[in-house]
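Chain by chain, the residues run as shown.
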Amino acid sequence: MKNHYRAIVGHEFVETDEHIEVKNPYNGNVLTTVSIAGADLYDRAISLAVEVQKKYVKMPACERAQMLQKVSDEIFKRREEIARIITLESGKPIRDARFEVERASVVFRIASCECESEKGEFLSLEKNLLSRGHFAIVRRFPIGAGLGITPFNFPLNLVAHKVAPALASGNAIIIKPSTKTPVSALILADILNGCGIPDGMCSVLPSRSDVAMEVLKNDRRIKFLSFTGSAKVGWHLKSLLVDRKVLLELGGNAAVYIDKDCNYDYALKKSVYGAFAYSGQICISVQRIYVHQDLFEKFLQDFVKETKKLKAGDPLSENVDVGPMIDEENIKRVSDWIDEAIKGGAKILIEKEINGRILKPVVLTGTGADMKVVGEEVFGPVVSIEMVKDVEDAIKNINNSRFGLQAGIFTNNIHTAFDAYENIETGGVVVNDIPTFRSDNMPYGGIKESGFGREGVRYAMEEMSELKTMVLNLNL
């Protein structure tokens, strides 16, 4: 990692008057400094994006595909270097960081394929005599320049999920990464430039949130927003952009149901992983587990036993499962929520323990839907486990939430699986795996307060484009 990183406007590295420090969440040490962009730099990046996008959209799809494949190859080639950077700036265990880099490489590979398989329709409009001889061609066209705002928890892959579909669909994009983890996004921009992406099609501007919000609100050259972050901020942004395209991925309090008819050992193992991977700082982290009454006591004991086997420590260590939380502010927040739940009658099965910047996994039972550890998005290593009578009872509990991103169910009964799929109020239901599962080509997004629209390369490309119809009158 370099001592200092500059903002990137197209192909240019730009120094600014204001810098921020990027700190290692594990030990608090300063890793590097990064230039912070102001409104003037946004204006420059938007102007460049608008100009070059008009030319880029005319580029043959095969050329765009080749460039995106080069990006995929270069990310994979540099995977160890980038994984280490992710771990240093985010605190993510190195094994998980490597997987994130591989996923980002796959995202650009998928985008390359989607470039060359753009779909349209040819329609006959002859539905009555007046429309005799009329036909239509329907295609998707890019919207223009967009803004992508990304969080700290997947500092590379969530940027890739905005940049790759934007470029594949012919749009320019400006990325505002989290100021806690901006380096990964800047590395990606440098890779893009080295792979031939035209100057101005992607800029990365680390900046204060209020600066980006003002630009987004006032500069109508920004045609769409792709935002991943908190529900409070996301819905506020959508209220400012009522007449522009908005894609929101806002997290949730993901739940799992453990059916009496399931592969028990597999469900147990996956649930432990899903609850505490990256210290629970994942939008679809397992936060609530509902267990069939026939398995409840055994599952509770076994879950605690397996959780205690997890190793916490330096995320650069190959055998560490649980690393630090992103900052001390969030450690205190989660700690306070745990204390609040215990005061409200919850039973703690693994005592709260804070070692430096690491909050070790906490397991609760006897919780209620009104407790923050259940009803809000914890975004920390905390899980609640409760007993239910059957799948209907589980679905009722899962749906008792203002969020609806993803849910998981472990069962070997196909009828139970489809019952869950049809009745659970989430954007995705994962059968025989945790809700933390995500493949980068699947539609991904939520309902209720968990978001608006869908990510996943092809689905994001649709969000970043508009249908346009040409009617042909062949009677003349």
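Residues numbered from 1 in each chain as written. Predicted model: local features only at pLDDT ≥ 70, side-chain atom pairs only at ≥ 80, totals over all residues. Heavy atoms only, no water.

## Topic: the pairing of strand β7 (residues 134–142)
Relative to β7, strand β6 (residues 121–124) runs antiparallel, the two being bridged by four bridges. Within β7, the residue paired with S124 across the bridge is F135. Bridge count between β7 and strand β25 (residues 465–473): nine bridges; the pairing is antiparallel. From the neighbouring strand, R139 faces β25, where its bridge partner is K468. (Pairing = 2+ DSSP bridges. Helix = DSSP H or I, 4+ residues; strand = E, 2+ residues; numbered from the N terminus.)

## Describing the layout of surface pockets
Approximately 970 Å³ is the volume found for the largest pocket. Along the wall of the largest pocket there are 38 residues; nearest its centre are P151, F152, G229, S230 and V233. Secondary structure elements with two or more residues in the lining of the largest pocket: α7 (209–218), β11 (222–228), α8 (231–240) and α11 (328–343). Residues that form the lining of the largest pocket fall into these classes: 17 nonpolar, twelve polar and nine charged. (1 Å grid on protein atoms, 1.4 Å probe; cavity = no way out; pocket = protein on both sides within 12 Å on 5 of 7 lines; lining within 4 Å. Points joined across faces, edges and corners; volume = space filled by probe spheres on them. Nonpolar A, V, L, I, M, F, W, Y, C, P; charged D, E, K, R; others polar.)

## Some points on unusual backbone geometry
Despite not being glycine, Y278 has its phi angle at roughly 45°, a positive value. Inspection of the secondary structure assignment puts Y278 in the loop between α9 (264–276) and β14 (288–292). Positive phi, normally seen in glycine, also occurs at S279, with a value near 55°. Mapped onto the fold, S279 is located in the loop between α9 and β14.

## Considering the pattern of salt bridges
Oppositely charged side chains can pair when the atoms bearing their charge come close. Overall, the coordinates contain 26 salt bridges when judged by the stated rule. Ionic pairing is found between R208 and E18, a salt bridge with its closest N-O pair at 2.4 Å. Residue R208 is located in the loop between β10 (202–204) and α7, and its partner E18 is located in strand β4 (residues 18–23); the two are separated by 190 residues in the primary sequence. Judged by relative accessible area, R208 falls into the partly exposed class, the value being 37%. The residue E318 makes a salt bridge to R98 at a minimum N-O spacing of 2.6 Å. Pair noted here: E318 is in the loop between α10 (296–307) and α11 and R98 is in helix α4 (residues 94–115), with a separation of 220 residues, a long-range link. (Salt bridge = Lys/Arg side-chain N within 4 Å of Asp/Glu carboxyl O. Buried < 20%, exposed > 50% of the residue type's maximum accessible area, 1.4 Å probe, protein only.)

## Regarding the side chain of S401
Within the element layout of this structure, S401 appears in the loop between α13 (391–399) and β20 (403–404). The buried category is assigned to S401, whose relative accessible area is 13%. A distance of 3.0 Å separates a polar atom in the side chain of S401 from the backbone nitrogen of F403. Residues in contact with S401, not counting those within four places in the same chain, are N253, R288 and K448. (Polar contact = N/O pair within 3.5 Å; in protein donor to acceptor, adjacent residues only side chain to side chain. Contact = heavy atoms within 4.5 Å.)

## Here's the deal with the packing of aromatic side chains
Under the criterion given, the structure shown has eight aromatic pairs. Look at F122 and F135: their rings are 5.7 Å apart centre to centre, the planes differ by 10°, and that puts the pair in the stacked class. With a gap of 13 residues between them, F122 in strand β6 and F135 in strand β7 connect regions that are remote in the sequence. We classify F122 as exposed; its relative accessible area is 57%. For F135, a relative accessible area of 17% puts it in the buried group. Ring centres of F299 and F303 lie 5.7 Å apart, and the angle between their planes is 35°; on these two criteria the pair is classed as tilted. Highlighted residues: F299 and F303, both in helix α10, separated by four residues, approximately one helical turn. (Phe/Tyr/Trp six-rings, centres within 6.5 Å; stacked < 30°, edge-to-face > 60°.)

## A short note on α9
In this model α9 runs 19 Å from its N-terminal to its C-terminal C-alpha over 13 residues, within 8% of the 18 Å that 1.5 Å per residue would give. Listed in full, the buried residues belonging to α9 are Y264, A267, L268, S271, V272, G274, A275 and F276. The inward-facing, buried residues of α9 abut β13 (255–258), β14, α10, β18 (362–365), β19 (382–388) and β21 (406–410). (Expected span 1.5 Å × (residues − 1).)

## Some points on the sheet that holds β14
Strands sit in the order β15-β18-β19-β14-β13-β21-β22 across an open sheet of seven strands; the sheet is mixed. Of all strands in the sheet, those with a lone pairing partner are β15 (347–350) and β22 (428–431), marking the two edges. Taken over all neighbouring pairs, the strand axes of this sheet differ in orientation by 25° on average, direction set aside. By the bridge criterion, four bridges tie β21 to β22 in an arrangement that is parallel. Across the sheet, Q406 pairs through a bridge with G428, a residue of β22. Seen against the sheet, α13 touches β13, β14, β19 and β21 and runs at an angle of roughly 165° to β14. (Axes fitted to C-alpha atoms, helices over the stretch in contact; angles between N-to-C directions.)

## What to know about the nonpolar core
Counting residues in hydrophobic clusters, the biggest one holds 57 residues, and the most contacted among them are V71, I75, F108, V163, L167, L188 and L192. Sorting elements by how many residues they give to this core places α4 first, with nine residues. (Core = buried A, V, L, I, M, F, W, Y, C linked by side-chain atoms within 4.5 Å.)

## Observations regarding the packing of helix α3 (residues 79–90) against helix α6 (residues 183–194)
Where α3 meets α6, the axes come as close as 9 Å, and the angle between the chain directions of the two elements is 155°. Here α6 runs roughly antiparallel to α3, going by the angle between their axes. Contacts between α3 and α6 involve I82, I85, I86 and E89 from the first element and V183, S184, I187 and I191 from the second. Counted by class, the contact of α3 with α6 contains six nonpolar, one polar and one charged residues. (Parallel < 35°, antiparallel > 145°, perpendicular 65-115°, else oblique.)

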